[in-house]
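# Summary of structural features
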Amino acid sequence: MPEGVMKAWLESSHLNGGNIVYIEELYESYLDNSASVSAEWQGIFSQLPKVEGSEVEYRHSAIRDEFRALAKQANKQVVVSSGNDAKQVKVLQLINAFRFRGHQNANLDPLGLWQRDKVRDLQLSHHDLSENDFDKEYNVGSFAIGQDTMKLGDLYKALRNTYCGSIGAEYMHMTATDEKRWLQQRLESVQSKAALSVDEKTKLLQGLIAADGLEKYLGAKFPGAKRFSLEGGDSLVPMLKELITRAGAAGTKEVVMGMAHRGRLNVLVNVMGKNPSKLFDEFAGKHDEILSSGDVKYHQGYSSDFVTPGGTVHLALAFNPSHLEIVNPVVIGSVRARLDRRDCDQGDLVLPITIHGDSAIAGQGVVQETFNMSQARAFKVGGTVRIVVNNQVGFTTSVAEDTRSGEYCTEIAKMVQAPIIHVNGDDPEAVILATQIALDYRNEFKRDVVIDLVCYRRHGHNEADEPSATQPLMYKIVKKHPTPRQLYADKLSAEGSLTTAKIDELTAYYRKLLDEGQCTVDQWRPMTEHSVDWTPYLGHEWDDDYDKEISLEKLKELAVKLSSYPESHPVHSRVKKIYDDRMKMATGEKLLDWGMAENLAYASIVDRGDRVRITGQDSGRGTFFHRHAVLHNQEDGSTYLPLQNIREGQGPFDVHDSVLSEVSVLAFEYGYTTAEPAGLTIWEAQFGDFANCAQVVFDQFISSGEQKWGRLCGLTMLLPHGYEGQGPEHSSARLERFLQLCADHNMQVCVPSTPAQVFNMLRRQVVRPMRRPLVVMSPKSLLRHPLAVSSLEEMSTGVFHNVIGEIDELDAKAVERVVFCSGKVYYELLDQRRKNELNNIAIVRIEQLYPFPEQELQAVLKEYQHVKQFVWCQEEPQNQGAWYCSQHNFRAAIPEGTTLTYAGRKASAAPAVGYMSLHVKEQQALVTQALTID
Ligand code: AMP
């Protein structure tokens with residue numbers, strides 16, 4: 001190892017730790033052209049380990065190992081070689097330093113408040129260079145300026161322009177060399193400066209006039225009304241228009257966006273083309289849609305079409321509750337559904353754009369979850385363009401000190417090595433360049449990319465707030481700071497691109513559009529391009545009839561198919577036994593168990609040509625070893641899915657073990673299902689209590705999306721639930737929480753107790769045209785209960801029984817007590833009733849707790865009108881389960897003058913006890929209590 005070079009390398013502060021990347025850069029130059037690096041480096045590189053059979057390519061891992069080993073010898077005394085060659089090395093280090101750390105001294109903050117230390121590595125002196133070297137010509141290595149050598153003075157200027165102007169590009173954390181090279185090419189070749197024609201500049205100014213004009217107009221017309229103004233972040237409007245236009249030119253057909261409230265009205269009017277008169281009506285309290293609750297205007301979604309050079313693009317802005325960032329997985333799920341529908345697995349045809357707040361992107365865990373999902377098989381969409389509207393304040397919280405611990409709000413993006421382009425929001429041309437690079441990167445590499453639009457918030461959190469109370473210094477500056485529109489207009493007139501008269505004309509024109517209540521977006525078109533028609537699913541009632549039967553022959557045929565797999569695919573012996581049993585069920589030798597019934601439901605759905613999509617933790621196998629939809633070859637690890645081999649031309653069967661998240665996966669599937677009415681989409685919790693972590697999605701989307709926004713959703717959620725003595729957590733899916741959310745017939749809550757019931761429940765969710773969420777308390781021990789079996793005949797009817805009456809042949813007249821229950825406790829009641837021959841007690845199962853099947857229950861109770869004692873029996877503690885939320889429904893169904901009592905555990909803070917012996921005692925007591933006539 002030549003000692004001079006070694007010392008230069010070891011002494012570079014920015015190379016220490018990051019040195020591997022620097023060496024890689026140098027090495028890449030060497031691979032391109034060995035003469036581009038000094039003789040000393042050539043000597044080193046020529047000694048590096050080679051990949052077998054290759055003369056020029058070297059394994060990066062081997063190189064890293066080599067240099068890590070060398071780094072350990074850092075205390076070795078070495079001597080610098082003199083002359084231009086050593087300076088050449090320094091010049092390459094300087095380039096590298098700018099690539100690594102230029103963003104830290106870039107001009108990003110329009111308010112000039114960011115206190116950033118001068119980065120030593122960006123100073124010439126740090127590299128033993130000085131202005132005296134400015135006229136010397138050096139090799140620029142991989143600096144993508146289009147020439148091999150440059151004078152140091154020119155190079156230094158180019159580096160400052162590229163990396164320390166209005167764009168601060170952070171990408172050297174990425175390890176994919178081709179991606180880094182690509183970004184360098186895009187940034188360095190133009191020195192981070194957009195080359196815009198006058199026409200493009202005019203359009204850009206128009207975007208700013210629109211952003212500013214709308215806010216001013218609303219502020220004047222509706223003073224004091226909350227609008228969560230975009231002002232300060234005005235560049236978002238031209239940025240979004242550029243993104244959509246460029247995406248359309250590249251072939252994108254749909255764009256789905258998600259954003260919180262800040263700037264939303266502006267995006268609706270000035271990007272999506274919502275008619276401003278509609279917005280004004282909303283401010284005045286009018287609304288044309290009749291929804292049972294509706295929502296505030298800054299949560300509203302919107303759909304429209306937008307003309308681009310590549311054709312019309314459909315735009316959808318997702319509805320969004322106040323919970324920040326939660327809309328991101330919803331948007332991405334919606335995009336995945338649209339991509340699946342278009343049979344596009346690369347993401348080219350549909351683009352997700354998520355817009356984040358700076359405090360929220362750093363603070364909310366769901367952001368991490370969606371980054372983690374971004375390349376996972378079940379969830380990837382070819383990359384999301386993520387925009388941070390970084391207004392440097394979170395409500396009243398000072399951002400840098402209180403909302404995060406990282407240098408930037410965007411640190412989380414580094415977990416997936418996404419490039420992050422910070423850009424000064426007061427430089428709209430830089431914003432456009434950043435936008436173009438971000439979109440092209442996403443389309444090229446199909447990965448997430450972040451634009452950090454550094455801006456400010458002109459007013460308080462909302463317009464009635466006084467921001468100076470908490471951010472006095474910031475708002476002293478803001479008050480004096482010209483608007484982005486003003487700054488850009490001044491620039492264009494100063495450089496002679498536009499006259500002030502023209503600028504005034506553009507401003508007056510926008511104002512006129514608002515006055516006349518006309519659409520402000522030239523590219524807007526009425527919606528024709530969306531790829532799915534929801535009308536067949538609208539306006540249905542629960543009792544509408546539908547074609548539900550399925551023939552026995554078809555069921556048998558499907559049962560055989562789903563129980564078969566190639567002989568060449570050896571499976572585990574326990575799985576083989578399950579499949580052997582399934583074949584017996586298919587041929588009528590055995591009754592069907594739960595796993596078989598569930599798989600048969602899926603087979604019947606894909607056989608109709610519909611898609612089945614299941615995600616959840618361990619969904620392929622099933623948490624409780626019961627599904628086995630994916631068969632793992634025990635010899636080569638390959639997989640075979642019988643449900644993908646039902647027939648030619650069948651619907652897709654997608655089952656995916658999900659990333660280990662609940663909230664973002666559930667939100668993703670909500671997004672998927674609100675964008676795709678056909679087929680069956682299931683989210684499965686590993687244990688039902690895991691749904692706790694996704695509560696916001698139940699509260700704010702699933703239970704109320706139709707009532708707030710008119711958006712239907714047929715998502716099914718399987719939540720394992722049942723008291724088996726497994727302790728407080730995995731016993732309960734918190735049935736009570738779902739029942740408490742039930743009103744307005746918003747969703748179904750079911751507790752099926754037989755395989756035929758689960759079969760018909762799942763099929764009903766697809767075959768019936770109604771699209772409403774289905775929450776299922778799914779079983780654990782019932783999966784293998786000898787009595788929980790069904791015949792193919794029961795399935796063939798297609799009927800899901802919301803209520804199941806007494807199944808034993810009791811003399812109804814002799815019945816003195818009727819016990820209502822749901823779920824697995826039924827089998828315990830039945831067992832004890834049979835054992836003790838308590839033939840004067842009938843047991844009635846309520847299989848659907850909401851919407852409550854009042855008429856069906858009354859029909860079952862017809863023969864028990866003489867009975868005086870009615871009991872609700874549940875396993876859950878009294879304050880949990882169905883008792884508090886559903887007892888009024890039972891009371892309404894029982895004859896007048898009779899009593900309804902409770903049999904179950906006493907109220908408890910924890911969902912269940914942790915001691916098996918205590919559990920057994922309690923369970924026995926509640927069954928006995930239910931079956932004891934007073
Ligand atoms: P989108 O593709 O999301 O912009 O939706 C286009 C149109 O389809 C909307 O304007 C609605 O009329 C309808 N639509 C979309 N999603 C739903 C849904 N989940 N429920 C009912 N209608 C929908």
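Residues numbered from 1 in each chain as written. Predicted model: local features only at pLDDT ≥ 70, side-chain atom pairs only at ≥ 80, totals over all residues. Heavy atoms only, no water.

As named in an unreviewed UniProt entry, the chain is 2-oxoglutarate dehydrogenase E1 component, taken from Colwellia psychrerythraea. Its UniProt record gives the chain the following Sequence similarities (unreviewed entry) comment, quoted word for word: "Belongs to the alpha-ketoglutarate dehydrogenase family." According to UniProt, the comment filed for the chain under the heading Cofactor (unreviewed entry) is "thiamine diphosphate". (UniProt positions renumbered as here; feature names shortened; annotations may be inferred.)

### Overview of the sheet that holds strand S22 (residues 803-804)
With mixed pairing, 5 strands are arranged side by side in an open sheet as S22-S24-S23-S26-S27. Both outer strands of the open sheet, S22 and strand S27 (899-905), are each paired with one neighbouring strand and no more. Across 4 bridges, the pairing between strand S23 (residues 817-821) and strand S26 (residues 869-877) is parallel. For Val-818, the partnering residue across the bridge sits in S26 and is Phe-870. Sheet strands in contact with helix H32 (residues 883-893) are S23, strand S24 (841-846), S26 and S27, and its direction is about 155° off that of S27. (Pairing = 2+ DSSP bridges. Helix = DSSP H or I, 4+ residues; strand = E, 2+ residues; numbered from the N terminus. Contact = heavy atoms within 4.5 Å. Axes fitted to C-alpha atoms, helices over the stretch in contact; angles between N-to-C directions.)

### Structural notes on the layout of surface pockets
There is about 720 Å³ of room inside the second largest pocket. Lining the second largest pocket are 28 residues, and of these Glu-200, Lys-203, Leu-204, Lys-241 and Gln-523 sit closest to its centre. Of all the elements in the fold, those that place two or more residues in the lining of the second largest pocket are helix H8 (198-221), helix H9 (236-249), helix H16 (428-445) and helix H19 (500-515). Here the lining of the second largest pocket takes 8 residues from H8, the largest share from any one element. (1 Å grid on protein atoms, 1.4 Å probe; cavity = no way out; pocket = protein on both sides within 12 Å on 5 of 7 lines; lining within 4 Å. Points joined across faces, edges and corners; volume = space filled by probe spheres on them.)

### A few points about the packing of aromatic side chains
Scanning all chains against the criterion turns up 26 aromatic pairs. Considering the side-chain rings of Trp-182 and Phe-445, the 5.7 Å spacing of their centres and the 85° angle between planes classify their relative orientation as edge-to-face. Taken together, the residues Trp-182 in helix H7 (residues 177-188) and Phe-445 in helix H16 connect sequence positions 263 residues apart. Each member of the pair, Trp-182 as well as Phe-445, carries the same accessibility label: buried. Taking 6.0 Å as the distance between ring centres and 55° as the angle between the ring planes, the aromatic pair formed by Phe-687 and Phe-690 counts as tilted. (Phe/Tyr/Trp six-rings, centres within 6.5 Å; stacked < 30°, edge-to-face > 60°. Buried < 20%, exposed > 50% of the residue type's maximum accessible area, 1.4 Å probe, protein only.)

### A word on unusual backbone geometry
Cis rather than trans, the peptide bond between Tyr-850 and Pro-851 has omega equal to -15°. Position of Pro-851 relative to the elements: it lies in the loop between strand S25 (848-850) and helix H31 (854-861). If you check the backbone angles, Phe-228 has positive phi at about 50° while not being a glycine. Relative to the helices and strands, Phe-228 resides in the loop between H8 and H9. Even without being glycine, Lys-446 reaches a positive phi, approximately 60°. One can find Lys-446 in the loop between H16 and strand S12 (449-454).

### What to know about the confidence of the model for the chain
Mean pLDDT over the chain: 92, with 93% of residues reaching 70 or higher. Low confidence marks residues 8-18, where pLDDT is under 50. Its contacts with residues over four positions away, or in another chain, come to 29 contacts. (pLDDT = per-residue confidence, 0-100.)

### Considerations on the pairing of S23
A large share of S23 lies buried, amounting to 5 of its 5 residues. What you see with S23 is no split at all: Arg-817, Val-819 and Cys-821 on one side and Val-818 and Phe-820 on the other are buried throughout. As paired elements, S23 and S24 share 5 bridges and run parallel to each other. The residue of S24 that forms the bridge with Val-818 is Ala-842.

### A few points about helix H28 (residues 755-767)
An ideal rise of 1.5 Å per residue puts 18 Å on 13 residues; H28 measures up with 18 Å between its terminal C-alpha atoms. Counting buried positions along H28 gives 13 out of 13 residues, so the element sits mostly inside the fold. (Expected span 1.5 Å × (residues − 1).)

### Regarding the packing of H8 against H19
At their nearest, the axes of H8 and H19 sit 9 Å apart, and the two run at 45° to each other. When the axes of H8 and H19 are compared, the pair comes out oblique. Between H8 and H19 lies a crossing whose hand is right-handed. Across from Thr-202, Leu-205, Gln-206, Ile-209, Ala-210, Gly-213, Leu-214 and Tyr-217 in H8, the residues of H19 making contact are Ile-503, Leu-506, Thr-507, Tyr-510, Arg-511, Leu-514 and Asp-515. Counted by class, the contact of H8 with H19 contains 9 nonpolar, 4 polar and 2 charged residues. (Parallel < 35°, antiparallel > 145°, perpendicular 65-115°, else oblique. Left-handed = near helix turned anticlockwise from the far one by under 90°. Nonpolar A, V, L, I, M, F, W, Y, C, P; charged D, E, K, R; others polar.)

### Side note on H16
Between its first and last C-alpha, H16 extends 25 Å over 18 residues, near the 26 Å set by a 1.5 Å rise per residue. Among the residues trailing H16, Lys-446 stands out with phi positive, at a value near 60°.

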